[in-house]
Structure formats: C-alpha cells, structure tokens
Amino acid sequence: MSRRPRRSVLITIMQVVALVGVGVLYVALIINSFQNGGKPLTTLTPQGPNAQTIQNLVIPVFAVAGVVFVLVFAAVLYIIVRFRSRHTDEGEDEEFPAQTHGNTVLEIGWTILPAVILAAIAVGTVITIINLEKREPDSLKVQVFGQQWWWGYKYDVNNDGSFDSPGDITTATEMVIPAGRPVELSIGSNDVIHSFWIPGLNGKKDAVPGEQHFWKIQADEPGVYRGQCTEYCGLSHANMRMLVRAVTPDQYDAWVKNQQLPGREPSADNPDAVAGEAVFKAQLCSSCHLVRGVNDAKVADPAKGVKSLLQSGVAPDLTHFATRGTFAGSIFNSYTPQNPDDPSLPGNPADVNLAGDPGNALYGGDSTPYFFVKYTVGAWLRNPPAMKPAYAKPDADGKLRGMPNLGLTEQQISQLTAYLESLK
Ligand code: CUA
C-alpha cells in the first residue's frame, strides 16, 4: 500500500505554522511597542509621575494578558495536534471520539477565573483614576482651550484663581512649564470637542465646549513633549498638535517675565519690522490676532489706522510669537538649527523631531545658533489654507475656521515676517 503523505497531517502542520506565526508576530509587536522610547507619541515611555501612574496599571494588565495569551495559545496548539483528524485519504476511519457532556469543575473554573481577573483589573483602574484626579499642592494652574485648530493657554501666574488678572499670561501653540512641578490644567473648548493628549506626561482629556475639565501633567526632566488632538474636530484635526516645553524653574521664571511684557516695538534699525508692524495694524491680521500693547481694545484706534479686534480670541495671541519654536497648531517649525555643512545657513526646517528649538529667544533673547525660518513663516502668510486645510471662507454665520489667504504682496509678506521675528 502506497504511503502518500496524508492530507490530514498536512492540514495539522499548516494550522500549527499559522498559529505559531500569528503568535510570534503578536509578541514581536508588543516587544517593539515597549521599545519605541524617543518616538514623540509613544504611550509606553512615561516621562512624568502621572504617565507613570498609568504605566503602573498597564504593566500588570499586560502581564496578566500575556499569561492568558500563552496559556490559550499553548492549549490551542495542544488541541490541534492531540485531537487532529485521523481520517486518511484511503478512507480508513478511526474510532469516533468519546462523547462527553458537561464538566462542572471546568465550567465553574472558566467562569470564575476571568471574573476574578477582570475584578482585579477594575480595582486597579479605579485606584488609578482616583490618583489621576488628586489635586496637587503647589501646582501651577493653566487654563487650556481648544480651537479649530490650535491650542491656547492662560496661566494663573499670581495664583489668585483667575486667569485674567494683571500679570497672567496668554499664549498659544506651546505650553511652557517648569520641570518637576505639578501643573493643574483646566481644559475647555471655544468651538467643538477636541481632546488634549501629551502621552509622555498623562493620558487624554476631552476639551468640551461649556465645560472645564480638570487634568494634570508634570515632566520629570526639561525637554519637549509632543501631543496630538485625539477627538475628530473638523478639517484640520490631524494638524492640531500640542507641544509642552519643560524648562528649569529659573528658565521658567525668565520665560514668565518676558511673556508678561507687552509686544516689543521693533527697533528703528530694523525698517522691515517697523513696516511690518504697520502692515499688521492696517491689514486684517489685527482683526483676529492680538499683539498686546498694539491692538488691544484699549489701544486700537481706527482713526490712526489701527484696526480693533473684531473676533477676540479666535486666533493665536502673537504678542511673543518669536519665543515659540513652532506655529500654526505646532505643525511647522519657526526655528531651525544651523546647517551642519555650513553654520552660516539654516538646517532642515522640516525636521519635526527638532521641535523648532528657539534657543534663548524662548526667554526674549538671541536665538543663535538657531535660525528663525523666514521661508516657512512667509509661505504661511502667502497662502495659509494651502499649508493647512481650513474653512477659510466665512460660513453661514459669517465665521471663519482657520486663517484665510489675505492676498498679501511679497513686500508685505517679508515685512510681516520681519515683524513676527522681532516679537520675542
Ligand atoms: Cu482638535 Cu481634533
């Protein structure tokens, strides 16, 4: 009798190979996920105590899931081999397996065990949530507001419970915090639902119109922590990033002092910037954007060619634009390092991981060795909707979402760029 390989043996081998393949792929994915430190949006490399609190829940849950995974895979492998079909091509049937019905011990076991595991995970989850909601003494208070499609920040500098008293700071796109100090956030939205998420520092918290949600972040070390809006909020949802710049406490104090100043008057030996300020005042820029001391309600004077704010708060505050390393929802770098081949030239402005380091311009000083990227800022002024999708035409309510193309001349663009560069 010929001994051709039996089809049932081949099927068993294929099943085992497929199962082992899926298992290896799965384990490789998990190992890779835990090794992606340095990637800006990894959730598995905590860089502050709140993210660590979450990690302390993730690891044991992953471990339990891993044990269950190994046991289930091993059981399936065993069953595939042990109870494989023994039918043959020649049709020599084996005995029908013994039939059983009901196994009280097994049935109670596989009901109770998962329930116990899920209950343990539930207890850990609730404890984690309670810890993440705990208020911190000596925390810095920052109000966060989401807008289509950027983030604004108000600092309660004097800690009087208000974000609008003298000395308080309003900024946009980048949040500067002192490393090592807890920061309590009050998160809201001025239009639709967004979600605030800096994975290195904590989990997500939705920004809902009409609500203020408590959240907190803290960075262990100075550095740049990136985030991304995680609630679909319209055309440029994907272009709504967030960036937290943690600095030392001394640097933070220097940053606060500079942010409290009104917008700088461009110096007379920078005629482009002087002309740029005039363009800012006369053009539509000043209808939406604020430069404190230049077009606040108090100082705006249409008779002198200074437009007043028509839509206060709908566009980022530009008072200290050049202290920020990124702009337009943190998707473009406003600074770039030197070109490694020629230090007199700027390097690659598109390198996201450089996060547009502004150097000492962050505190109002000289940006050297970093370059202000006139090219990118100019391209933005030339045609913003081409750089970032927006509803740049007024909707039925007459509202714009995102910056429209203002039809600026090349001269106006280069003057405005010089002015923006001077706003440290
Ligand atoms: Cu804001 Cu999505």
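Whatever comes next refers back to the structure up there.
Scope of this entry: the structure provided in the associated data block. (Residues numbered from 1 in each chain as written. Predicted model: local features only at pLDDT ≥ 70, side-chain atom pairs only at ≥ 80, totals over all residues. Heavy atoms only, no water.)

For the rest of this paragraph, the subject is the overall build of the protein. Per the secondary structure count, the protein includes nine helices and 16 strands. Counting only residues that meet the buried cut, the protein has 41% of its 424 residues in that class. Contacts spanning at least 24 positions in sequence make up 66% of the contacts within the protein whose residues lie at least 6 apart. A total accessible area of about 22,500 Å² is found for the protein, and carbon and sulfur atoms account for 61% of it. (Helix = DSSP H or I, 4+ residues; strand = E, 2+ residues; numbered from the N terminus. Buried < 20%, exposed > 50% of the residue type's maximum accessible area, 1.4 Å probe, protein only. Contact = heavy atoms within 4.5 Å. Areas by Shrake-Rupley, 256 points an atom, 1.4 Å probe, with all protein chains shown as cover.)

With respect to burial, strand β4 (residues 174-178) is a largely interior element, five of its five residues being buried. Bridge analysis of β4 against strand β10 (residues 241-247) gives five bridges, and the strand direction is parallel. Directly across from Glu-174, in β10, lies its bridge partner Leu-243. (Pairing = 2+ DSSP bridges.)

A few words on helix α4 (residues 249-260). Taking 1.5 Å as the rise per residue, α4 with 12 residues should run 16 Å; its terminal C-alpha atoms sit 17 Å apart, in good agreement. The inward-facing, buried residues of α4 contact β1 (140-147), β2 (150-155), β3 (169-172), β4 and β10. (Expected span 1.5 Å × (residues − 1).)

We now examine the layout of surface pockets. As a volume, the largest pocket reaches approximately 860 Å³. Surrounding the largest pocket, 44 residues form its lining, His-289, Ala-315, Pro-316, Gly-402 and Met-403 being those nearest its centre. Contributing elements (two or more residues each) for the lining of the largest pocket: α6 (285-288), β11 (326-327), α7 (374-382), α8 (384-387) and α9 (410-422). A class-by-class count of the residues in the lining of the largest pocket yields 28 nonpolar, 11 polar and five charged. Viewed by domain, the lining of the largest pocket spans two of them, domain 2 (140-259) and domain 3 (271-422), each represented by three or more residues. (1 Å grid on protein atoms, 1.4 Å probe; cavity = no way out; pocket = protein on both sides within 12 Å on 5 of 7 lines; lining within 4 Å. Points joined across faces, edges and corners; volume = space filled by probe spheres on them. Nonpolar A, V, L, I, M, F, W, Y, C, P; charged D, E, K, R; others polar. Domains from an automatic or database assignment.)

Together, Val-9, Leu-10, Ile-13, Met-14 and Val-17 give the surface a local cluster of nonpolar side chains, amounting to about 470 Å² of exposed area. Val-9 gets classed as partly exposed once you look at its relative accessible area, which sits at 39%. (Patch = residues over 30% accessible without salt bridge, like charges linked within 9 Å, V, L, I, M, F, W, Y side chains within 5 Å. Salt bridge = Lys/Arg side-chain N within 4 Å of Asp/Glu carboxyl O.)

This part takes up the pairing of strand β8 (residues 213-217). Judged by how many residues are buried, β8 sits mostly within the fold: four of five residues are covered. With five bridges connecting them, strand β5 (residues 183-189) and β8 associate as antiparallel partners. Each residue of the ladder has a partner; that of Glu-184, found in β8, is Lys-216.

A few words now on the packing of helix α1 (residues 7-34) against helix α2 (residues 49-82). Between α1 and α2, the least distance of the axes is 10 Å, while the angle of their chain directions is 170°. With respect to their mutual orientation, α1 and α2 come out roughly antiparallel. Contact residues: α1 offers Thr-12, Gln-15, Val-16, Leu-19, Val-20, Val-22, Gly-23, Tyr-26, Val-27, Ile-30 and Phe-34, while α2 offers Ile-59, Phe-62, Phe-69, Phe-73, Val-76, Leu-77, Ile-80 and Val-81. Here the residues of the contact of α1 with α2 sort into 16 nonpolar, three polar and no charged. (Axes fitted to C-alpha atoms, helices over the stretch in contact; angles between N-to-C directions. Parallel < 35°, antiparallel > 145°, perpendicular 65-115°, else oblique.)

Once that is clear, we can look at the environment of Pro-178. Topologically, Pro-178 is positioned in strand β4. It is 5.4 Å that separates the C-alpha atoms of Pro-178 and Ala-246, two residues lying 68 residues apart in sequence.

Pairing in this open sheet of three strands is mixed, and the strands run β4-β10-β9 from one edge to the other. For this open sheet the edge positions go to β4 and β9 (223-228), each flanked by a neighbour on one side alone. Pairwise comparison of adjacent strand axes, ignoring direction, gives a mean angle of 20° for this sheet. Along the sheet, α4 makes contact with β4 and β10, crossing β4 at roughly 130°.

On to the packing of aromatic side chains. Across all of its chains, the model carries 15 aromatic pairs by this definition. When the ring of Tyr-78 is compared with that of Phe-83, the centres are 6.4 Å apart and the planes differ by 90°; the resulting orientation is edge-to-face. Of the two residues, Tyr-78 and Phe-83, both sit in the exposed class. Aromatic rings pair up to connect Phe-321, Phe-327, Phe-332, Tyr-335, Phe-372 and Trp-380 into one cluster. Its end group placed over the ring of Trp-197, Lys-204 keeps NZ or CZ at 4.9 Å from the ring centre. (Phe/Tyr/Trp six-rings, centres within 6.5 Å; stacked < 30°, edge-to-face > 60°. Lys NZ or Arg CZ within 6 Å of the ring centre and 35° of its normal.)

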